[in-house]
Amino acid sequence: MVTDPIADMLARIRNAHLALHKEVNVPRSKMKASLANILKQEGYVEDVSIDDGGIKITLKYRNGKPAITGLRRVSTPGRRVYVGAGEIPRVQNGLGICILTTSSGVMDGDSAREKRVGGELLCEIW
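Residues numbered from 1 in each chain as written. Predicted model: local features only at pLDDT ≥ 70, side-chain atom pairs only at ≥ 80, totals over all residues. Heavy atoms only, no water.

1. So, the nonpolar core
Rules: We call a set of buried Ala, Val, Leu, Ile, Met, Phe, Trp, Tyr and Cys residues a nonpolar core when their side-chain atoms join them within 4.5 Å. Under the scheme applied here, a residue whose accessible area is under 20% of the maximum for its type counts as buried, over 50% as exposed, and between as partly exposed, the area being computed with a 1.4 Å probe on protein chains only. What makes two residues a contact is simply this: any of their non-hydrogen atoms within 4.5 Å.
Counting residues in hydrophobic clusters, the biggest one holds 25 residues, and the most contacted among them are I13, I57, I99 and I125. The residues contacting I125, other than those within four sequence positions of it, are L39, Y44, I68, G70, L71, V91, G96, I97 and I99. Core analysis: the second largest hydrophobic core is formed by 11 residues, V81, V91, C98 and L100 among them.

2. Considerations on the environment of D108
What counts is decided by this rule: Numbering of helices and strands starts at the N terminus; helices are DSSP runs of H or I of at least 4 residues and strands are runs of E of at least 2.
Looking at where D108 falls in the secondary structure, it is placed in strand β9 (residues 105–108). For D108, a relative accessible area of 7% gives the class buried. Each C-alpha atom, one on D108 and one on L121, is 9.6 Å from the other, the two residues being 13 residues apart in sequence. Those residues within four positions of D108 in sequence are excluded, and the remaining contacts are I38, E42, C98, I99 and L100.

3. What to know about the side chain of H17
Inspection of the secondary structure puts H17 in helix α1 (residues 5–18). Looking at H17, the relative accessible area reads 5%, which means it is buried. The contacts of H17, once residues within four sequence positions are left out, are L59, K60, Y61, P66, A67 and I68.

4. Some words on unusual backbone geometry
For N93, which is not glycine, the phi dihedral falls at a positive 55 degrees. By the secondary structure assignment, N93 is in the loop between β7 (82–83) and β8 (97–102). You will see that R116, though not glycine, has its phi angle at about 60 degrees, which is positive. Counting through the fold element by element, R116 comes out in the loop between α3 (109–115) and β10 (119–125).

5. Section: the sheet that holds strand β1 (residues 23–26)
In sheet architecture, strand pairing relies on hydrogen bonds along the backbone and comes in two forms, parallel and antiparallel. For clarity, the threshold we go by: When DSSP locates at least two bridges between a pair of strands, those strands are taken to pair. Axis definition: a line fitted to C-alpha atoms, over the contacting stretch in the case of helices. Angles run 0 to 180 degrees between N-to-C directions.
One open sheet accounts for 3 strands, arranged β1-β3-β2; its pairing is antiparallel. Since the sheet does not close on itself, it has two edges, and those belong to β1 and β2 (45–50), each with one partner. Recorded for the sheet is a direction-independent mean angle of 20 degrees between the axes of neighbouring strands. As paired elements, β1 and strand β3 (residues 55–59) share 4 bridges and run antiparallel to each other. Pairing of V24 across the sheet is with I57, part of β3. Lying on the sheet, α1 is in contact with β1 and β3; it crosses β1 at an angle near 160 degrees.

6. Overview of the pattern of salt bridges
Rules: For this document, the term salt bridge refers to a Lys or Arg side-chain nitrogen within 4 Å of an Asp or Glu carboxyl oxygen.
This model, assessed by the stated rule, comprises 7 salt bridges. A salt bridge links D4 to R73; the nearest nitrogen and oxygen atoms lie 3.1 Å apart. Separated by 69 residues along the polypeptide, D4 in the segment before α1 and R73 in strand β6 (residues 71–73) bring together distant segments of the chain. Given the relative accessible area of 16%, R73 is considered buried. Its salt-bridge partner being R80, residue E120 comes within 3.1 Å of it at the nearest N-O pair. Of this pair, E120 sits in strand β10 while R80 sits in the loop between β6 and β7; the two residues are 40 residues apart in sequence, bridging distant segments of the chain.

The structure is reproduced here in structure tokens:
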């Protein structure tokens, strides 16, 4: 039983990158599907396919190096971290992204700043 499914997804992606795998499978949920789609939109993964069995994420490499150099879970089940629209952090001075869950859905930090909404800070990716 997994107590933090988002942290499990991030760990699977991190471990697959370290092992230089082409793809990784993650159990399906709406939240993880939204996270995977944001990673695809921002160019951190090649492709995301969602079916009944789960989510298949095709990883992206540049010159043999992973496109994702770091992942960090910010808000955990034991410690929720909420930020306002003006408090959304810039990850690695703008080179990375943060992902939030807001009243308008799951979105990256730039979109949340644009819409002027805050929410729970899920993770940071660079």
